[in-house]
2 protein chains.
Amino acid sequence: MKAEWIWYPGDMETRWINNFNARRYERDVFIPPLWQAYGIFPVIKFAKKFVLCEDDDLTILSDGKCNVELDGAGKYVYGFNGTLHLTAGEHTLSVLVQGENGRVPCIFVRGKEICSDGTWYCSCQDGTFILAEADGFSDPEISPNDYRLPVRSVLPVSVRSVKNASLYDFGDEMLAYVEFCGCSNGGRLHLYYGESEREALDFQHCELTDTLECKGGTICTAIPKAMRWLSVKAEDGATYESIRALVEYSPRLFEPKFDSKDSQLKNIWDVALHTIDLTTREFFMDGIKRDRWVWAGDSVQSVLLNAYSFDDRAAARRTLTGLAGKPPVRRHINTIVDYTLFWLIGVKLYYDHSQDTAYVRQIFPQMREIVQFVLSRTDTDGNMQFKPDDWIFIDWADGLPKDADGYSYLQILLFKALSCAALCAKMAEDTESAAAWEAEASKVLKALRRDYWMQDKKCFAYARKDGAFYGPVCRQPNIMAVLCGAADEKQMAEIAENQYLWKNSPSIKTPYMQFYELSALCEMGRKKEVLCRIREYFGGMLDLGAQTFWEYYDPTEKGDEHLSMYGRKYGKSMCHAWGGAPVYLLAKYFIGIRPGKEGSGFIIQPETNLMPDYKAELPLPQGKLRIECSEGKISVLADVPGTLVIEDRQIQIQPNVLLLVQSEKEK
Amino acid sequence: MKAEWIWYPGDMETRWINNFNARRYERDVFIPPLWQAYGIFPVIKFAKKFVLCEDDDLTILSDGKCNVELDGAGKYVYGFNGTLHLTAGEHTLSVLVQGENGRVPCIFVRGKEICSDGTWYCSCQDGTFILAEADGFSDPEISPNDYRLPVRSVLPVSVRSVKNASLYDFGDEMLAYVEFCGCSNGGRLHLYYGESEREALDFQHCELTDTLECKGGTICTAIPKAMRWLSVKAEDGATYESIRALVEYSPRLFEPKFDSKDSQLKNIWDVALHTIDLTTREFFMDGIKRDRWVWAGDSVQSVLLNAYSFDDRAAARRTLTGLAGKPPVRRHINTIVDYTLFWLIGVKLYYDHSQDTAYVRQIFPQMREIVQFVLSRTDTDGNMQFKPDDWIFIDWADGLPKDADGYSYLQILLFKALSCAALCAKMAEDTESAAAWEAEASKVLKALRRDYWMQDKKCFAYARKDGAFYGPVCRQPNIMAVLCGAADEKQMAEIAENQYLWKNSPSIKTPYMQFYELSALCEMGRKKEVLCRIREYFGGMLDLGAQTFWEYYDPTEKGDEHLSMYGRKYGKSMCHAWGGAPVYLLAKYFIGIRPGKEGSGFIIQPETNLMPDYKAELPLPQGKLRIECSEGKISVLADVPGTLVIEDRQIQIQPNVLLLVQSEKEK
């Protein structure tokens, strides 16, 4: 029994994500997100009924002003000083807390037989009590309101004087505070951050800057910012004795490993993992330089990347919860239609890789609000309807019209989202919603296969307008149809064999959609091609010196073109979550790890022909796995039961028993 | 043109009311309300489009971190330092603010031609822009987040030593901080507050206490508390040189006056006004000692009391807005079914006495949420349905069963509430809701007259259960039927003539329901009786030394019984808003002031026979009025047009022209 701080579900995440999303700056301009931020409930009642075998003295801490009621409404404990003496026997205890200064009401209770944890109930006094939330905050001295990531000190590896400034190289991409010791009393320091040396030296155009007033002693920047290089320009006689970076990092419960004789593949995996590491913080963020916000579409990819790397489930839950917002739902998540749908799918994906039913139950009330919002935006055929402020993203790609009446891509996501939500509803024991949403999903699927399938072109149309097919023949909806099972068997085969689609239609330009395209190619059995593309695309960035993978990479661009985006010289994020795709693709489709159905253990189906010899340690929904493939010999060690599928064989994996298997195929 | 701080409608009131309701203590126990408190939106965008005739430098202040966009999305002003230079011509300006530490995002903009005010738009980024709210905060130095009432210093009028303590008498009921100057460095002071001397001397049972640590210099209590008497007990050698009360008061824009040759009537009015004054602060509160919360049922009476006294419209608006909460509406206001209905009626009553259409439009979106919530709790006949957590208050009265299926009192309020809401919907130009709610009101009225009218007893039943009349014959529903026009003409006459009801059914015991009973008696023409009851009931409290009117007064109680309530020796609030009833009754039914229909001016119909000679100065919806009645001569001076109705005559009142009329009746 471990005492933890507890709070009203979702409220701490709301506070955290509001603070997290508020760290975007473009030079001196503060830029909070363009979507709605939510408030928290300022007054929460926590309650628990229990039986003590013997007398006890409970420690009760609250973040916020509180009162304590013991054994009945209105039975206040007068003169309460933080410790409550209880006699053996049955008790009901409630603590009513009002948060101060925007802090989330939360409590920490510790006794010999009873502790605050996720079995307590809480209410915002709306007439219902629900299970309180805990997230592992067990230090009574540190309120989760003050949760922040730890830092470690990093010194620059080199410094030189350029353009009247000191240019520091910290050796690696990082998100860091900058601290100066032994400062002069007077003057100021201008800081110019760079993900590239060029950016740090372009004082007029670099994306991130800071100005610090020297007041003697030690001074530090207020917000950690992305950099490897940093120019420091002193003004009005400012001096300092030393500089260091305080690198913000997220401690890991699991350290994934991958090693390969093939050094390119090994390097790609390492850099992808580093990219995932830097973008997996309190929440999954898109890029550490820009825009540092939490986006549902990006985050769902992070949920998958995370499941095959650090397995930071708290970060995944926080991200999904923080994105979910609070009722009433009045606009799409991140204002993007597809992102709302991805969020619904994301909850199910998180569940698949964690089997965390408790979380599904916790988030389900808001999931229901979101589904109801989505359904309120569909017509009788299940076609999504749009409002002027809805952002239909799909993909950054030239020539995709955004003025259709209906989009097959969105209908495919809608089908998948409703199916996922129905499964979650079952877990949350809302059978009525489950049945309704399943029926709705079937309706959407039926209309989709009927209305968006171009029989002559053997693929799904991009969109429909005024009752007719509309837009170019393009890959995005067909990729998604393969991944979501939206096409029927015949359609699926026709898509897979559609030479025009995969050879001649416009190629995918974003790593975001490449994540899905490469996945879809794997699903269609084209793994060899995928491995080549991983080497070409991600290997291409490595060849240009990337230490983390980028938001965007076009091999035809040259020199500084790789740094620019959105019309800004250094607008491109050089460390972007979706750059982590190789970690997911290698683990899921080549090492071949998949979660099994609930309770049935994981499945591993390694690709024995294509992959060079490798060793890996990766997480599983209920444990972890070590695998080594060397010259056709496969050894697997897991701490939970599973199934090894190799060629036509299915071999049971016993927990903590090393399994050695020889592939029957020639390499 | 006056620059004011502006914010997202309702959010500042939400912050204020959360702080206001958090000032209830029972001795050392902090007691926030038992109903839901709402959060605020942490990020708000403010926007305005305008044309400047000449160049200008705008001052832009924000409470919270902000960015400024000029003339287009994403066109951030870099290096913004609080002043924005604008060239002549058309501009769009937006300021996006993220509040910090729970503070409400708000801005203050001042230029030569453009200022922040209620014509700006704002958005919580939910896809819609609505008019921003301003409430007269025009000092750029003081953010409305820091709004607090001013204080004035009051010294004790006497002190004596009793029971090892110093007993101070501050001469009058007040809500005050207590400040000690010249304190010892060490020891502590225990404070025992009393609305009565007896309470201040009963250290074990007085309702309000405080403990202050002496640290030298000046120390002060954290929260103003209700008192006239105060015992101070020094411990561990604590000393101080002087003590004073810092009395929190609400500055008034209008000072009502009433004078009469009849000193009892004059005293009753004075003490009622003092009671209103003390309970009209940032919000209308019920009582200054207990429970210091804002209740819709109490507040609607305060809306009426206020309209005939200080005319503090900002307090009325703040109260209605603070009570309204935010969507989604999941429980009745204050958890009380009748109070939700009273809130809907209260908005209309506020409008009647202010003709403040702008406010009705501002509050309307939440009013619609509340009506929809109410209608979701009615059956097809319009009968209200209840959930286990719903509090059906009606009145504190023995013998009223609370387990019926339907209550005529609530159905009457529902009819009135829907009628009022429909009128507000028209003002807000939501004709669809207006029509729907009118139809709903008619349905409720029809069922009410049919199902709750006891033909044999000539009055409305208390309630129905299992299809039959239920509960005692009682006054409450019949009082409300008279006031709300729920009875048809024949029923109304029968209620008025129902001797059993008005003579033999249980008498009303609460000042709360007396407010309505005396109003109903006036409506039925029984004003002489009402005047007697005012003298008996309120005069009775005066005879017992009341300086403010009480929460409850039973003339048959003796001595200290008058101090106790809720099973606590000093549980009774001795300064309770609804004690102000005489101010309303005298102004509305005897001086006879009523608001006219919109735009048609006020009506005054003074009671020439019953009232002793008097002079009064009172507010009107659009101005103010002076009236003097002396020996049958009536003089009226108003600054707006109106109509004097006297006997059978209707005489136009010209603005700022003294009107002199002789009553034709003998006194």
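Quick caveat: nothing in here was measured; it's all calculated off a predicted structure.

### Quick look at the overall build of chain A
Link 1 in the chain: Of regular secondary structure, chain A possesses 15 helices and 32 strands.
Link 2 in the chain: At 27 Å, chain A has a C-alpha radius of gyration in line with the 26 Å of a compact globule built from 667 residues.
Link 3 in the chain: Seen along its three principal axes, the alpha-carbon backbone of chain A occupies a region of about 80 × 70 × 60 Å.
Link 4 in the chain: Counting only carbon and sulfur atoms, one obtains 49% of the accessible surface of chain A, whose full area is about 25,800 Å².
Link 5 in the chain: Counting 77 positive and 93 negative side-chain charges, chain A places the averaged centre of each group 2 Å from the other.

### Regarding unusual backbone geometry
Residues and elements named next belong to chain A.
Link 1 in the chain: The omega torsion of the bond from Arg 290 to Asp 291 falls at -5°, within 30 degrees of zero and hence cis.
Link 2 in the chain: Between Pro 327 and the following residue, Pro 328, the backbone shows a cis peptide bond with an omega angle of -5°.
Link 3 in the chain: Along the polypeptide, Pro 328 turns up in the loop between helix H5 (313-324) and helix H6 (337-354).
Link 4 in the chain: For Asp 236, which is not glycine, the phi dihedral falls at a positive 55°.

### Considering the pairing of strand S5 (residues 56-63) of chain A
All names here are of chain A.
Link 1 in the chain: Direction of pairing for S5 relative to strand S7 (residues 83-86): antiparallel, over a ladder of 4 bridges. Across the sheet, Asp 57 pairs through a bridge with His 85, a residue of S7.
Link 2 in the chain: Here 5 bridges tie S5 to strand S9 (residues 106-110), and the two strands are oriented antiparallel to one another. Paired with Ile 60 across the two strands is Val 109, which belongs to S9.

### Some thoughts on the sheet that holds strand S11 (residues 130-131) of chain A
Link 1 in the chain: Overall, antiparallel pairing links the 5 strands, which are arranged S6-S8-S4-S10-S11 (chain A) in an open sheet. Where the open sheet ends on each side, the last strands, each with one partner, are strand S6 (65-70) and S11 of chain A.

### A word on the confidence of the model for chain A
Link 1 in the chain: Mean pLDDT over chain A stands at 96; residues scoring 70 or higher make up 99%.
Link 2 in the chain: On the interface metric, ipTM, the complex scores 0.96, and its pTM is 0.96.

### A short note on the relation of the copies chain B and chain A
Link 1 in the chain: After a rotation of 180° and a shift along the axis of 0.0 Å, chain B superposes on chain A with an RMSD of 0.0 Å. A rotation of that kind, with that shift, is consistent with a two-fold axis. Measuring from the rotation axis to each C-alpha of chain B, the shortest distance belongs to Gly 102 of chain B, at 1.8 Å.
Link 2 in the chain: Most of the interface of chain B is mirrored in chain A, where 98% of its interface residues again form contacts.

### What to know about the packing of helix H8 (residues 408-427) of chain B against helix H10 (residues 475-484) of chain B
Residue and element names in this part refer to chain B.
Link 1 in the chain: Relative to each other, H8 and H10 sit at 15°, their axes nearing to 8 Å. Relative to H10, the element H8 is oriented roughly parallel. Along this stretch, H8 crosses H10, giving a crossing that reads as left-handed. Contacts from Ser 408, Tyr 409, Ile 412, Leu 413, Phe 415 and Lys 416 of H8 reach H10 at Gln 476, Pro 477, Met 480, Ala 481 and Cys 484.

### Some points on H6 of chain A
Residues and elements named next belong to chain A.
Link 1 in the chain: In a regular helix each residue adds 1.5 Å, so 18 residues correspond to 26 Å; H6 covers 26 Å between its end C-alpha atoms and thus fits that length.
Link 2 in the chain: Judged by how many residues are buried, H6 sits mostly within the fold: 17 of 18 residues are covered.
Link 3 in the chain: Looking one or two places after H6, you find Gln 355, whose phi comes out positive at around 50°.

### A closer look at the interface of chain B and chain A
Link 1 in the chain: Taken residue by residue, the interface counts 44 residues in chain B and 43 residues in chain A.
Link 2 in the chain: For the chain B and chain A pair, buried surface summed over both sides reaches about 3,600 Å², with 53% attributable to carbon and sulfur atoms.
Link 3 in the chain: The interface formed by chain B and chain A includes 2 salt bridges.
Link 4 in the chain: Elements with a contribution of two residues or more to the side of chain B that touches chain A: strand S2 (25-26), strand S3 (29-30), strand S6 (65-70) and strand S8 (89-98) of chain B.

### Observations regarding the nonpolar core
Link 1 in the chain: Formed by 197 residues in total, the largest nonpolar core has its most connected members in Phe 180, Phe 342, Trp 343, Ile 591 and Ile 627 of chain B.
Link 2 in the chain: For this core, the element with the highest residue contribution is H8 of chain B, accounting for 14 residues.
Link 3 in the chain: Not counting the four nearest positions on each side in its chain, Ile 591 of chain B is found in contact with Phe 258, Leu 586, Ile 604, Gln 605, Pro 606, Met 611, Tyr 614, Ala 616, Leu 618 and Ile 627 of chain B.
Link 4 in the chain: Judged by nonpolar contacts, the second largest core, of 195 residues, contains Met 12, Val 29, Val 303 and Tyr 537 of chain A.

### Some details on the pairing of strand S32 (residues 659-662) of chain A
All names here are of chain A.
Link 1 in the chain: Judged by which residues are buried, S32 turns out to be one-sided: Leu 659 and Val 661 face inward and are buried, whereas Leu 660 and Gln 662, on the alternate face, are not.
Link 2 in the chain: Summarising the sheet, strand S29 (residues 633-638) and S32 pair through 4 bridges and their orientation is antiparallel. Across the sheet, the residue bridging to Val 636 is Leu 659, located in S32.

### Topic: helix H4 (residues 296-307) of chain B
All names here are of chain B.
Link 1 in the chain: An ideal rise of 1.5 Å per residue puts 16 Å on 12 residues; H4 measures up with 16 Å between its terminal C-alpha atoms.
Link 2 in the chain: Extensive coverage of H4 is indicated by the burial of 12 of its 12 residues.
Link 3 in the chain: If you check which residues of H4 are buried, you get Ala 296, Gly 297, Asp 298, Ser 299, Val 300, Gln 301, Ser 302, Val 303, Leu 304, Leu 305, Asn 306 and Ala 307.
Link 4 in the chain: For H4, the elements touching its buried residues are helix H3 (263-279), helix H5 (313-324), helix H6 (337-352), helix H13 (511-523), helix H15 (581-591) and strand S27 (614-619).

### Remarks on the side chain of Glu 607 of chain A
All names here are of chain A.
Link 1 in the chain: Mapping Glu 607 onto the fold places it in the loop between strand S26 (602-604) and strand S27 (614-619).
Link 2 in the chain: At 3.3 Å, the side chain of Glu 607 forms a polar contact with the side chain of Lys 527.
Link 3 in the chain: In this structure, Glu 607 is in contact with Lys 527, Tyr 589 and Phe 590, ignoring residues within four places of it in sequence.

### A few points about the packing of aromatic side chains
Link 1 in the chain: Tallying each qualifying case throughout the model produces 81 aromatic pairs over all chains.
Link 2 in the chain: Ring geometry for Phe 258 of chain A and Tyr 614 of chain A: centres 6.0 Å apart, planes at 25°, overall stacked. Within this pair, whereas Phe 258 of chain A is found in strand S19 (residues 257-260), its partner Tyr 614 of chain A is found in strand S27, the two being separated by 356 residues in sequence.
Link 3 in the chain: We classify Tyr 614 of chain A as buried; its relative accessible area is 3%.
Link 4 in the chain: Measuring from ring centre to ring centre gives 6.1 Å for Trp 7 of chain B and Phe 137 of chain B, while their planes differ by 65°; the resulting arrangement is edge-to-face. Here Phe 137 of chain B lies in the loop between strand S12 (133-134) and strand S13 (151-154) and Trp 7 of chain B lies in strand S1 (residues 6-7), a separation of 130 residues in the sequence.
Link 5 in the chain: The buried category is assigned to Trp 7 of chain B, whose relative accessible area is 0%.
Link 6 in the chain: For Arg 152 of chain B, the ring lying beneath its charged end belongs to Tyr 249 of chain B, and the centroid distance is 4.7 Å.

Quick notes on the rules
Residues numbered from 1 in each chain as written. Chains lettered and ligands numbered in written order. Predicted model: local features only at pLDDT ≥ 70, side-chain atom pairs only at ≥ 80, totals over all residues. Heavy atoms only, no water. Helix = DSSP H or I, 4+ residues; strand = E, 2+ residues; numbered from the N terminus. Rg over C-alpha atoms; globule rule 2.2 N^0.38 Å. Areas by Shrake-Rupley, 256 points an atom, 1.4 Å probe, with all protein chains shown as cover. Lys, Arg positive; Asp, Glu negative; His and termini not counted. Charge placed at Lys NZ, Arg CZ, Asp CG, Glu CD. Pairing = 2+ DSSP bridges. pLDDT = per-residue confidence, 0-100. Least-squares fit on C-alpha atoms with pLDDT ≥ 70 in both. Contact = heavy atoms within 4.5 Å. Axes fitted to C-alpha atoms, helices over the stretch in contact; angles between N-to-C directions. Parallel < 35°, antiparallel > 145°, perpendicular 65-115°, else oblique. Left-handed = near helix turned anticlockwise from the far one by under 90°. Expected span 1.5 Å × (residues − 1). Buried < 20%, exposed > 50% of the residue type's maximum accessible area, 1.4 Å probe, protein only. Buried area = accessible area lost by both parts, 1.4 Å probe. Salt bridge = Lys/Arg side-chain N within 4 Å of Asp/Glu carboxyl O. Core = buried A, V, L, I, M, F, W, Y, C linked by side-chain atoms within 4.5 Å. Polar contact = N/O pair within 3.5 Å; in protein donor to acceptor, adjacent residues only side chain to side chain. Phe/Tyr/Trp six-rings, centres within 6.5 Å; stacked < 30°, edge-to-face > 60°. Lys NZ or Arg CZ within 6 Å of the ring centre and 35° of its normal.

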